[in-house]
Structures are given as structure tokens and as C-alpha cells.
Amino acid sequence: MFVGREAELARLTAARQRTPGAVLVVGEAGIGKSRLVREFVSGLGAPGPLGVFVAEGGADPGGTAYAPFVPVLRRLVRQYGAGLLPGGGRRGLARLLPELGEVEDLPGLGRARLFEEVLLLVERSAERRPLVIVLEDLHWADQAAIDLLLFLLRNLMTPGVLIVATSREPLRLPDAEVIRVPPLGREEVARMLGREDVESIVARSEGNPLFAEALADAEAGSRARASSGRAGVATPASLREVLLAGAERLPPDGLDVLRIAAVAGRRTPHEVLRAVAGLDDLALDEALRPVVRARLLLVDGDGYTFRHALIRDAVYDDLLPGERRRLHARCAEAQPDLAADHWYAAGDRRRAFQAAWRSRRWERVLELWDQAAGDDAGEHARVLELAARDALTEGDAERAEELATRAIEEVNDPLRAAHLLELRVAIRDLLGEEGLGDLREAVRLAPRESRLIGALATVLAWNGQDAEARAHAEEALLLGDDRSLITLAALTALDGDLAAASRLYAEARTSAPDDDTLLMSYASEADVLEAAGEHTRAESVARRGIARARGLGLARSRGGHLAANLAEPLASLGRWREAREVMRTALALDPPPIHRAWILMVLGTVAVWEGAHAEAAEIVGRTRPLMRGRSRGYDSCLEPDLLECRLAVARGDLEAARRTVDHVLTEHDLTLSRRYAWPLLALAARIGRVRRAPAGIATTGRVQEAYRATFEAECGGSWTTAVAGWRAVGQPYALGQALVRAAEQDPAQATGPLREAAAIAADLGSEPLRREVETAAATLRVSLSDGLVLSAREREVLGLVAEGLSNRQIAERLFISARTSGVHVSNIMAKLGVASRVEAAALARRTGLI
């Protein structure tokens, strides 16, 4: 399967337009050079009398002189005949193609004649049909073949000839374009292998397609090399032979040093090699020289690194068990920071435990506890806690939860138990699970711990218990927990005082005790601003937070959280393409489950609004398992219900919509939700499930006021009020929907609202809204094209149509998708009542639209 080489393939294709010429495709073994060239050749079109003629050859280790060219020249002679050359090729070419007959003996001119006849054959062949010559694996080519290639490149003058060469090493070829084939990324490896669980394969193969495929095949067998103490699958034997070919040619001292480096690690400092090898500097240099020359090891500052991790694996796997243990023991003495792993691989569990403790390798300490430690339960619980914190930092929330729970079960001290419960709350939060019960128990065990009280306040606020949350937050702040400023700021915003909330957030950032608290202040402020309908301000705060997260190296964790905070206002503002790009980038970093769920919620909503129902359904399926329990309280609990209901209504699946609404109304207390009660009630009213809102539903901020107005309009109230609400908020999709309903409610005044809604649908590229508008216009007999009403974006697109640009070119010019560009063009032609782009351009010029 060809993946991930679109840019390189495009460069090869473009080179066909610049002949005569040459392209050198460079990359390590297995990176996909040949696959790229094959894809290029396959795209040249079917063979025919007027099509491109392709002649291919390649070099092999120990091959004969000119070996890469022999099959190329033989194919050309068979295609066009030896008659292209004076004397039928016997003056020179017969040296390489004996079937041409005896070579005319011209002492001193044999090589020159050969080169000239090859040049003449290539040029005369290209005069008949465009010619592509492929020369593979020139790193194995002899110097004679390289000399012939250089001669051709310097002397080819006939258009239509392209030489494409591949090599593991860069070659100095005059005027040749060099294309370096990069490793595949994670998504590309996943596509290539047809699976998603590729993290280990990507890490070990470093994106090398050949190695990735070999590793994937190897996983069907043994998954671990337990005897070596090193994680991973064994290097496939066939691949090992390739990787060890250079090592087998090394002198004994060089091979010894290479084996030490394989045991020492991917990168080995010079002094480590010296210490383990027991050689002085001069002797070590002499031993290393052939290793470096063979590019098995590369010089890296003051040390050496393997050119590829799998080369190291192959050398390591080739060691005898006794050799391996002895070298690990020697490396443990020379590399104290890696001593735990070395002693473990050497089979010395006691020393491995001691080294792991010194280097704070808590998972390894736990693994060796029964073999090397005593029976101190208190210390064991402490190590469990430390290992849980390490797992949390590394993003493995499931493992962190397991370790924290085991630690809680082992401790007897109330204060330690309370802090472990707090740790488990933080872990479960990332898993989408509620921690209110754990926090209440923690505060009971340690009633004067400000941080625990503050954490309880935060979770209470998430669950809509505002009065109790505020009381605990104020108490925690008095006791010294500056984190509680964030909770107080959010509660203040919910009360409607955004200015005071902003001041509290600024104070929280100034006094933040750690990076996570700092980033949480940005996430929380962006969230309350979005909830209040301050979309532009929410975008600004989220962008500042993301920049800080990147600077702090937390782009995956809190950066993922903030990506959701950024994507949501972008989606609200109708900037769906930007929102998608933000979410795509964030999801590629594999954020923790709850952050991934929040991003997917926004992505699913955008998909519904765009009309991508299959994508939205797939997102609902992916998100449900990530949001177990109440997660961040009722709002997070109801968010997937809202998306599922929106999707069902958009699809016209009223039965599914009713099931979701009935579940919400019977299983949840909507008075505890600040953000999703009114949106869900509006949908429930639309499908006829409710006609009156439950008592006690809060209405704070312009967005909630607009949703409430929408609910009331669905129940028989004025759609004009809902239109005014959404116009004030600045959410174009919701405004467009309200305009359609307002037109239906007042047919006599329907033209203006429907035309405005049509313009909004065109600007957004929203198929569902466009269909709603057109259906209403047909029912109400409203013309959407009278007066040639075009949106600003449509006028911009129309101007580019008049310039002769295609949909794809328009998309590139305006930074929109080709699909959206096509929607704009279709809408413009429908409004103008024309059948072609040429007519649209002519009418636009005639009427002054452009």
C-alpha cells in the first residue's frame, strides 16, 4: 500500500516536465525508495506507441561492471533494434550486450565508444517516445556504472529523457534533483498496516516501512524477549541478515566495539565505549574507524549512535547469551544512569533493584520488590504512589489508577490516604470518571488540608452545587490554596459578572503554584467565555493557553484540553475549517481520554452542521466509552447526549431523538446543568417531547438566553425573538436555522429571512442549512435569486470564477475546502439562474456584481 509520499511523488511527476534531467531518490534501506519509484512509473500511463517507455535496471552487491545499465540497454535494443546505432552497436555496446556480435577492437577508445553508443541509443530512443530510465540501488554500483551515469547527465541534450536513480547514500550527480524520502508518521504507518495500535511499531521502526511491516509480521509470533530483559519483539531473521551484512565484514576489534555499543544503547558516549572495551584512545579510534565508515555507527557529538534502532537490535540479537550478560554487567559499571536495566538484563536482580531505587525507576522497583526488598508495607505503598505519579506524567492514566488504588488499600495513615484519594481523583478525571465521593472522603480524613478542600470545591462546581462549592473554595483560599481562585472565577462568571471573573483569572495566573494550575486558568476562562457567548474572547484566551502549553512541553495533556476550548468558539463563529485543523492537530498528539472526548464532541457537532452524518455517528461511538460516569459533572455528562440528539434530528430519525430525550428527562436533573439544559430542551420541544421547561433551569449569559428563546419559539413563541438572540450572540448556524423558522412563522415576511439564511448557508458550506432554506423557499414560494442577493463570500468566489479558476484553485486561494468551494459555486449559479460558469461570469460583469 502506497502511503505518505504524496509530496515526493508530486516532485517526481513534475520532473517529467523538465527533460532531459535526473532525479536521485535517497533514503535508508527499507524507507520506500523503490516503492515511490514504482508508484511514479505506474502513473505514467498504459504502454502504447505514444506513451512513456520505461527501462529499468539496478545494482547488486558484487555485481559486474555497468550492471545497472545492462538491462536498460538490452530493453532499448529489443524495443527499437540495434539499427539505431552505426555498425549495429558492435563498436561499443556489444561489450555489454554480447548478442550484438563481436566488438570491433579499437584500442584506447573502447570506453569512450561505449559511452558514446549508450548516449546515442538513449537519445534516439527518446526521439521516438518519451523515455524514463530507472536505476535502482546505486549505492552498490561499481565506479564504472557511476562514470557512465555522470557522462550521460553531462551530455544528454534531447528532450524527453528522465533518469530516476535510487541510492541509500547521496551521490554527486550534476544537476540532479535530490528527493529525500522521510520516515512515515504514525497515521501513515497505521494506514499502511491497516490497524491503529501501531505506537510500538512506529517507535521501533522509526517510520521505516520495511521495518514496520517486518515488525508487524513478527508480532504474530513471540512478543517479548524475556531472557534479555528488553521489551519488544525479536528482529525478523530475514531482516537481520540485511542489517548485519555490514557488520560481518568488520575486523574483530570493530565488531567487538559494535557489540558493546549495541548493549550500551542507541547512543553511546566515547568514554563508555573506552571503559567497556578496555582500549586506549588510539586503539579505540582504530577499532571504530571501519564501523563508522560502514555507517553502522554515526558520530554524534562526543559519542556514537546507530544509524537505525533495528541495526542495534540485530547486532544485539546476534550475541550469545553469555556474551550478552557479561557485556551488560560491564556496561552497568560504566553507565550508572542505565545500571538498573543493565543489571536486570545481566540477571543480577539485587543490583538491578538497588540501581532502580537510586535512579527512581519505580515501576522497575515494584517489579523486583519480591525478589530484592523487605516486607515494609509503608515503603511499598509509597513506591506505588510514586509509580502512579510517574504513570500519570507519562499519560498512562489506566496504569496510574491501578497503582493509586493499590496504594490506598495498603496505607493506614489518614492523611496519606486522603492525599492518595486526591491523586486518584486527578487520574480518574482524565479517564472521564467522577471523583466527588473520593474527595468528600479525603476531606473527612484531613479536614484542614486546603488543597483537598479546594479540589472538592471544584468538583462540586462541576456538579452544579454552586453554594457549597463557593463556601469550600473560599475556605480553601483562606487556608492558602491559590488554585481555588480558578473555581471562584468560574462561579463568578456563572453569576454573570465576567469582568470580576476576568480579574480573578488574572490573579490565579499570577499566583499559580504550578504549570498545570496556570494552564487550567486559561482553559477555565476560555470555557466560561464561550458559555457566555463571548466567542472571540474565548478564542483569544485559548490561543494564549495553547502557546503556554507548548512552551511548557504540555501540548499533549493540557494542550489537548485547550484545543477543545479553542475549537469550540471557532465552531460557534462558523470557522469550521479552522476548528477542524485545530482538532486534527490536537488528536494527532493522542491526548488523554477525557481531553480527546471533549475534542471529539466539538468535531462531531461540526460534522452534524456540515451534514457529515456518518462521521458524526462514528464520533458518537468513539466518545461514549471515554465519558464514563459523570466525568466533569452534569455538563460533561449531557454533552454526548446533546450531540446524539442533534445527529438524530438532523438525520430525521425522530425515534432515536425521542429515546435520547426521554433518557435525559428521566435520568438527569437538568437544573444542575449550566450549558446543556436549554439546548436539549429546545431539541425536545422541536420533536414534540416537551412543551414546558422544568422549574429551576438557569439562564445565564447570551447563549443560554438565545437557547431559551429557541425553546420558547419551538413551543409556540416568537421566532423573531430567537433570531435576535442568535444575532446578538454571533453564531451563524443557529441564526440561519432561526431565520428559516421565522420565515415559516410569518410567510408574508419570509423573503428577507430566507435570503439571509441562504447566504449564511453558502458562507458556512452547510448542506443541511441549505436544504432547509430551499425546502422552506419552495413551500412558501419565495425566490432566493431575485435581486441577485449574494453573500460577501459568494461575491468573492464569483470573482475568482470570472478569472477562470477551478473549484480547487478557488479553495486554495481562499483557504477553504474544495467541497465548500463547490457548494459556493453551485449556490451562486442557482441564485443567478445560469447553467455554466461562463454564463455566471458574464452575468456578474453585466450586472456589476464584480
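So, here's what we can say about the structure. (Residues numbered from 1 in each chain as written. Predicted model: local features only at pLDDT ≥ 70, side-chain atom pairs only at ≥ 80, totals over all residues. Heavy atoms only, no water.)

Remarks on empty space enclosed by the protein
Here is the rule: A cavity here means a set of 1 Å grid points, computed over protein atoms only, where a 1.4 Å probe fits but cannot escape. A pocket is an open set with protein on both sides within 12 Å along at least 5 of 7 lines, and lining residues have an atom within 4 Å of a point. Grid points are joined across faces, edges and corners, and a volume is the space filled by probe spheres set on the points. Each helix is a run of H or I in the DSSP string that is no shorter than four residues. Each strand is a run of E no shorter than two, and both are numbered from the N terminus. Under the scheme applied, nonpolar residues are Ala, Val, Leu, Ile, Met, Phe, Trp, Tyr, Cys and Pro; charged residues are Asp, Glu, Lys and Arg; polar residues are all the others, including Gly.
By the definition in use, this model includes three cavities of 30 Å³ or more. Residue lining of the largest cavity: 21 residues in total, with Glu 568, Arg 646, Arg 675, Tyr 676 and Tyr 707 positioned closest to the centre. Elements with a minimum of two residues in the lining of the largest cavity: helix H26 (515-531), helix H28 (558-572), helix H30 (593-610), helix H32 (634-651) and helix H35 (702-714). Considered class by class, the residues forming the lining of the largest cavity number 11 nonpolar, five polar and five charged. Lining the second largest cavity are Val 661, Val 664, Leu 665, Leu 670, Leu 680, Leu 681 and Ala 684. Of all elements in the fold, only helix H33 (654-667) and helix H34 (677-686) reach the threshold of two or more residues within the lining of the second largest cavity.

Description of the side chain of Arg 364
Note the following rule: N or O atoms within 3.5 Å of each other form a polar contact, as long as, within protein, one can give a hydrogen and the other can take it, and as long as residues adjacent in sequence are counted only when both atoms are side-chain atoms. Between two residues, a contact is recorded if the distance between any of their heavy atoms is within 4.5 Å.
In this fold, Arg 364 is placed in helix H17 (residues 362-372). A distance of 3.3 Å separates polar atoms of two side chains, one belonging to Arg 364 and the other to Asp 341. In contact with Arg 364, other than residues within four places in its own chain, are Ala 340, Asp 341, Tyr 344 and Ala 356.

Remarks on the packing of helix H36 (residues 719-729) against helix H37 (residues 732-745)
The line we're drawing: Angles here are taken between N-to-C directions and fall from 0 to 180 degrees, while the axes themselves are lines fitted to C-alpha atoms, restricted in helices to the stretch in contact. Throughout, the term roughly parallel applies to angles under 35 degrees, roughly antiparallel to angles over 145, roughly perpendicular to angles from 65 to 115, and oblique to all others. Whether a crossing is left-handed or right-handed is set by the direction in which the near helix is turned from the far one by less than a right angle, anticlockwise for left-handed and clockwise for right-handed.
Here H36 crosses H37 at 160°, and the two axes come no closer than 8 Å. Judged by the inter-axis angle, H36 sits roughly antiparallel to H37. Here H36 and H37 pass one another in a crossing that is left-handed. Counted together, Trp 719, Thr 720, Ala 722, Val 723, Trp 726 and Arg 727 of H36 and Ala 734, Leu 735, Ala 738, Leu 739, Arg 741, Ala 742 and Gln 745 of H37 form the full contact between these two elements. Classifying every residue of the contact of H36 with H37 gives nine nonpolar, two polar and two charged.

Topic: the packing of aromatic side chains
What counts, and what does not: We call Phe, Tyr and Trp rings a pair once their centres come within 6.5 Å, taking the six-membered ring for Trp, and we label the pair stacked below 30 degrees between planes, edge-to-face above 60, and tilted otherwise. Working rule: Lys NZ or Arg CZ, within 6 Å of ring centre, within 35 degrees of ring normal, means a charge sits over the ring.
Summed over the entire model, instances satisfying the criterion amount to 12 aromatic pairs. Taking 5.3 Å as the distance between ring centres and 85° as the angle between the ring planes, the aromatic pair formed by Trp 357 and Trp 362 counts as edge-to-face. A centroid spacing of 6.5 Å and a plane angle of 35° characterise the contact between Trp 357 and Trp 369, whose relative ring orientation is tilted. Within this pair, whereas Trp 357 is found in helix H16 (residues 349-358), its partner Trp 369 is found in helix H17, the two being separated by 12 residues in sequence. The rings of Phe 353, Trp 357, Trp 362 and Trp 369 are connected pair by pair, giving a single aromatic cluster. Directly above the ring of Tyr 344 sits Arg 349, whose terminal nitrogen or CZ lies 4.1 Å from the centroid. One residue, Arg 509, lies across the ring of Tyr 522, its end atom 4.3 Å from the ring centre.

With respect to H36
Put simply, the test is: The classification of residues rests on relative accessible area computed with a 1.4 Å probe and restricted to protein chains. Under 20% of the type maximum is buried, over 50% is exposed, and intermediate values are partly exposed. This arc is taken over the directions from the axis of the helix to the C-beta atoms.
Listed as buried for H36 are Trp 719, Ala 722, Val 723, Gly 725, Trp 726 and Val 729. End-on, the buried residues of H36 take up no more than an arc of 160°, which puts them together on one face. At its buried positions, H36 is contacted by helix H27 (535-551), H35 and H37. Where H36 ends, the next residue or the one after it, Gly 730, has phi of about 85°, a positive value.

Focus on the pattern of salt bridges
Our working definition: We count a salt bridge whenever a side-chain nitrogen from Lys or Arg sits within 4 Å of a carboxyl oxygen from Asp or Glu.
Enumeration over the complete set of coordinates arrives at 53 salt bridges. Between Glu 199 and Arg 186 there is a salt bridge, and its shortest N-O distance comes to 2.7 Å. Taken together, the residues Glu 199 in helix H7 (residues 199-205) and Arg 186 in helix H6 (residues 186-193) connect sequence positions 13 residues apart. For Glu 199, a relative accessible area of 40% corresponds to the partly exposed category.

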